[in-house]
Amino acid sequence: MSDNRDEKLETLLRSRRLEPASADLAQRIILKARQMPQTTIPSFWQSVRDLFGEFHLPKPAYVLASALVLGIVIGLSAPQETTLAADDSGGVSIQGFLSADETLL
Amino acid sequence: MAAGWADKEDNELLALIQDGNGQAFAVLVERHTDRFYRLAYRYLQNRAAAEDVVQDAFLKLWENPALWQPQRHSKFTTWFYRIVVNLCLDQHKKKKPEVLDNDALVADDRAPTDELMMREQEQQMVEKEIAALPERQRTALNLCFDEGLTNQEAAEVMGVNLKALQSLIMRAKTTLKERLKA
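Since this is a predicted model, take the numbers as computed values, not measurements.

**Student:** I keep staring at the overall build of chain B and nothing clicks. Help me out?
**Tutor:** The helix and strand inventory of chain B stands at 9 helices and 0 strands. Tracing chain B from N to C terminus, the helices and strands come up as α-α-α-α-α-α-α-α-α. Every one of the 182 residues in chain B was classed for burial, and the buried ones make up 45%. Considering only contacts within chain B whose residues lie at least 6 apart along the sequence, 60% involve residues at least 24 apart. Summed over all atoms, the accessible surface of chain B reaches about 9,600 Å², with 49% contributed by carbon and sulfur.

Structure, rendered in structure tokens:
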């Protein structure tokens, strides 16, 4: 008896009615997709490459060499006594330098 | 459609879609639209709503193909069933399902007989009772009986183990038998 009911239920479940989809459903989806842009999530390395791309130098070797030469020139042209001596006995003292400035005013 | 395209596996098509290939998307849509529509219709009992859900699901995939991760998802259909089920449940929460519309059912040329009318009534009752089942039981029934998935596949779609799925089906059938007997 129970088996009969099981069978009947299964038959009912397998023969449920279905309203068919529109014949052009797939085409509609395809057409709609054509009008939509894809958004892609770039990978980590792609993001890193893009970031470096922002700072892209047309001729990296020349730029590096120029930067090096410029650094040397600036380094050589800087005054010799740029550091303040630990004791104020020798070289230029800050106090003296400031008071010299004030005398001008 | 070129034979080459039709022979391609879903995974190959998905890889091409991820490269922006519209032809691959078209092949995938044509191949699977009916199957996913069937499932959506079972939930929503409304053609337009079911078509919208299928369309939304495919367009989501097209817009953001990176959603598909072959290393994480075993099979396209299993993964996509889950997407369709989730969209249906969202839709279901928003709107109550419509009562079956007789005009909407498949036309039958034969003269209505008592037997046909009885079967019709039986079908409507089954639909009503299935709609009243708890969500997970309904999903299990739809996947196993309508889609013809194996219990293992249905369990994967639902993200439960095999025993849990069998238990859901068992409970659903028991409830239906009780209610239909009454």
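After that view, the rundown keeps rolling.
**Student:** Would you mind going over the side chain of R138(B) with me for this structure?
**Tutor:** All names here are of chain B. Along the chain, R138 falls in helix α7 (residues 135–146). Buried charge R138 goes without a salt bridge, the closest partner of opposite sign being E135 at 5.6 Å. Setting aside its immediate chain neighbours within four residues, R138 contacts Y43, L89, H92, I130, A131 and L133.

**Student:** Even after reading the chapter, I still don't get the interface of chain B and chain A, so can you show me in this structure?
**Tutor:** One widely used convention gives an interface's size as the accessible area the parts lose upon coming together. With 43 residues of chain B at the interface, the matching set in chain A holds 30 residues. Summing the contributions of chain B and of chain A, the shared interface buries around 3,800 Å²; its carbon and sulfur component is 57%. Looking only at chain B, the three residues that lose the most surface to chain A are Q123(B), F145(B) and K177(B), adding up to 17% of its buried area. There are 7 salt bridges connecting chain B and chain A. Taken together, the links from chain B to chain A amount to 20 residue pairs in polar contact (both at pLDDT 80 or more). Take the side of chain B that touches chain A: its biggest share by element is 9 residues, from helix α3 (residues 22–44) of chain B. Looking at the side of chain B that touches chain A residue by residue, the classes come out as 22 nonpolar, 8 polar and 13 charged.

**Student:** Would you explain the pattern of salt bridges in this entry?
**Tutor:** Within the structure shown, the criterion is met by 15 salt bridges over all chains. Notably, a salt bridge pairs R38(B) with E147(B), separated by 3.3 Å at the nearest N-O pair. With a gap of 109 residues between them, R38(B) in helix α3 and E147(B) in the loop between α7 and α8 (151–158) connect regions that are remote in the sequence. Among the ionic pairs, E127(B) bridges to R42(B), the shortest N-O distance being 4.0 Å. One end of the pair, E127(B), is in helix α6 (residues 114–131); the other, R42(B), is in helix α3, and 85 residues separate them in sequence. Both residues of the pair, E127(B) and R42(B), count as buried. In the salt-bridge network here, residues are joined through shared partners; they are R16(A), R42(B), E127(B) and D146(B).

**Student:** Explanation requested: the nonpolar core in the structure shown.
**Tutor:** Side chains of a nonpolar character, in soluble globular proteins, are inclined to be buried together. Residues and elements named next belong to chain B. Counting 65 residues, the largest nonpolar core has F58, F76, F80, V84 and L165 as its most contacted members. At 13 residues, α3 tops the list of elements feeding residues into this core. For L165, the residues in contact, after removing those within four places along its chain, are A140, C144, N151, A154, A155, M158 and V160.

**Student:** Would you mind showing me how to read a nonpolar patch on the surface here?
**Tutor:** Together, L51(A), F52(A) and F55(A) give the surface a local cluster of nonpolar side chains, amounting to about 390 Å² of exposed area. Counting through the fold element by element, F52(A) comes out in helix α3 (residues 44–54).

**Student:** Can you help me understand the confidence of the model for chain B in this one?
**Tutor:** Interpretation of this model should avoid reading the predicted coordinates in detail wherever pLDDT is low. Residues and elements named next belong to chain B. Confidence along chain B averages 85 in pLDDT terms, with 88% of residues attaining 70 or more. The low-confidence segment residues 100–107 (pLDDT under 50) makes 13 contacts with residues lying over four places distant or belonging to another chain. Across the assembled chains, the prediction reports ipTM 0.80 with pTM 0.68.

**Student:** Sorry if this is basic, but what is going on with the packing of aromatic side chains here?
**Tutor:** Aromatic ring pairs are described here by two measures, namely the spacing of the ring centres and the angle between the planes. Residue and element names in this part refer to chain B. Following the criterion strictly, the structure yields 13 aromatic pairs over all chains and no others. Between F25 and W62, the aromatic rings sit 5.1 Å apart at their centres with planes inclined by 50 degrees, giving tilted as the arrangement. Note that F25 is positioned in helix α3 and W62 in helix α4 (residues 47–63), a separation of 37 residues in sequence. Across this residue pair, the class does not change: F25 and W62 are buried. Seen from their ring centres, W68 and F76 are 6.3 Å apart, and the 75 degrees between their planes marks the pair as edge-to-face. Here F76 falls in the buried class, since its relative accessible area comes to 1%. Members of the aromatic cluster, connected to one another through ring pairs, are F25, F36, F58, W62, W68, F76, W79, F80 and Y81. The ring of W5 has K8 sitting right over it, with the charged end atom 5.7 Å from the ring centre.

Reading the values: the criteria
- Residues numbered from 1 in each chain as written.
- Chains lettered and ligands numbered in written order.
- Predicted model: local features only at pLDDT ≥ 70, side-chain atom pairs only at ≥ 80, totals over all residues.
- Heavy atoms only, no water.
- Helix = DSSP H or I, 4+ residues; strand = E, 2+ residues; numbered from the N terminus.
- Buried < 20%, exposed > 50% of the residue type's maximum accessible area, 1.4 Å probe, protein only.
- Contact = heavy atoms within 4.5 Å.
- Areas by Shrake-Rupley, 256 points an atom, 1.4 Å probe, with all protein chains shown as cover.
- Lys, Arg positive; Asp, Glu negative; His and termini not counted.
- Salt bridge = Lys/Arg side-chain N within 4 Å of Asp/Glu carboxyl O.
- Buried area = accessible area lost by both parts, 1.4 Å probe.
- Polar contact = N/O pair within 3.5 Å; in protein donor to acceptor, adjacent residues only side chain to side chain.
- Nonpolar A, V, L, I, M, F, W, Y, C, P; charged D, E, K, R; others polar.
- Core = buried A, V, L, I, M, F, W, Y, C linked by side-chain atoms within 4.5 Å.
- Patch = residues over 30% accessible without salt bridge, like charges linked within 9 Å, V, L, I, M, F, W, Y side chains within 5 Å.
- pLDDT = per-residue confidence, 0-100.
- Phe/Tyr/Trp six-rings, centres within 6.5 Å; stacked < 30°, edge-to-face > 60°.
- Lys NZ or Arg CZ within 6 Å of the ring centre and 35° of its normal.

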